[in-house]
Amino acid sequence: MKHSAVVTGGASGIGLAVAERLVDDGWPVAIVDADEDALARAEGSFSGENTIFLQADITDEDEVADVFDQTVDRLGLIGGLVNSAGIARDISAEETSAELFREILDINLVGSFICSKAALERMGATLSIVNMGSVSGLRANRGRAAYGASKAGVKLMSEVLALEYGNRGVRVNCVAPGPIHTPMIARLHSEEDRRIWLGHVPQGRYGEPEEVAAAIAFLLSPEASYINGHTLAVDGGFLSTGVLAGG
């Protein structure tokens, strides 16, 4: 039987696109999200599929342990984990409180670590983990002191896990999306923000969640069997733009 996959933050945005892609690829999928209403909406679009829908706060170790145990009981040992759950704020460093900084780190970085450990403890013969980074964790962007720091931490954490577990049938990689059409980005980006971002993306458009999902599906698959500790930017060329005009 194929091992199961867990997608955190799987009820909306990129996480939902990932869950849909993995189901299409034949994975039994556990969709984990803190938002009960979003889970209910997502469940309606997966009628009859080999999926389960579980509510959990990924910063709570007991809740994470419970949903991962349920996943193993109902879908089998874990072969894939996508840590897509996260929050973002577009706020200057001057206006960022220590409380907000801690909250963003706790959800984006510590939560990904908690879920990774839970998957490692319940893995099948092999395990592939894909963590959600960001181009803001690879290059400084205004308003992203806390968010960028959290995603830079996700990148390095992924590399350390890849190093420590690489000889145990485990691969750990990271994707770093650029601007993507998601509900979170719709809330964060004003029309002026969109104009600036589009001026810095060589392809001249925002990406779609399905494009990020395709990269994640590849990294989870046996086709990526010798890719480990890598961060793959899915950003329309944002990181390659060099000296930028305008903005």
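Here is a short report on the structure shown in this document. Note that the coordinates shown come from a computational prediction; the quantities given were computed from them, not determined experimentally.

1. Description of the pairing of strand S4 (residues 78-83)
Working step 1: Buried residues dominate S4, accounting for six of its six residues.
Working step 2: When S4 meets strand S5 (residues 123-132), the two strands line up parallel, connected through five bridges. Looking at S5, one finds that Gly80 is bridged to Ser128.
Working step 3: Chirality of the crossover, the property in question, places the unit of S4, helix H4 (residues 98-120) and S5 among those that are right-handed.

2. Re the layout of surface pockets
Working step 1: Approximately 900 Å³ is the volume found for the largest pocket.
Working step 2: Contributing to the lining of the largest pocket are 41 residues, with Ser84, Ala85, Gly86, Ile87 and Met184 lying nearest its centre.
Working step 3: Looking at the lining of the largest pocket, the element that brings in the most residues is helix H6 (residues 183-188), giving five residues.
Working step 4: The residue inventory of the lining of the largest pocket, partitioned by class, reads 21 nonpolar, 12 polar and eight charged.

3. Details of helix H1 (residues 13-24)
Working step 1: In this model, H1 (12 residues) spans 17 Å end to end at C-alpha, consistent with the 16 Å of a helix rising 1.5 Å per residue.
Working step 2: Buried residues of H1: Ile14, Gly15, Leu16, Ala17, Val18, Ala19, Leu22 and Val23, and no others.
Working step 3: One or two steps after H1, the chain reaches Gly26, where phi turns positive at roughly 95°.

4. Re the packing of aromatic side chains
Working step 1: Taken as a whole and judged by the stated rule, the model has two aromatic pairs.
Working step 2: When the centroid spacing of 5.0 Å and the interplanar angle of 35° are considered together, the rings of Trp197 and Phe238 count as tilted. Taken as a pair, Trp197 in helix H7 (residues 191-200) and Phe238 in the segment after strand S7 (231-234) lie far apart in primary sequence, 41 residues in all. The pair formed by Trp197 and Phe238 is uniform in burial state, with each residue classed as buried.
Working step 3: The residue whose ring lies beneath Arg139 is Phe238, and the NZ or CZ to ring-centre distance is 5.5 Å.

The rules behind each value
Residues numbered from 1 in each chain as written. Predicted model: local features only at pLDDT ≥ 70, side-chain atom pairs only at ≥ 80, totals over all residues. Heavy atoms only, no water. Buried < 20%, exposed > 50% of the residue type's maximum accessible area, 1.4 Å probe, protein only. Helix = DSSP H or I, 4+ residues; strand = E, 2+ residues; numbered from the N terminus. Pairing = 2+ DSSP bridges. Right-handed = clockwise from strand over helix to strand, strands pointing away. 1 Å grid on protein atoms, 1.4 Å probe; cavity = no way out; pocket = protein on both sides within 12 Å on 5 of 7 lines; lining within 4 Å. Points joined across faces, edges and corners; volume = space filled by probe spheres on them. Nonpolar A, V, L, I, M, F, W, Y, C, P; charged D, E, K, R; others polar. Expected span 1.5 Å × (residues − 1). Phe/Tyr/Trp six-rings, centres within 6.5 Å; stacked < 30°, edge-to-face > 60°. Lys NZ or Arg CZ within 6 Å of the ring centre and 35° of its normal.

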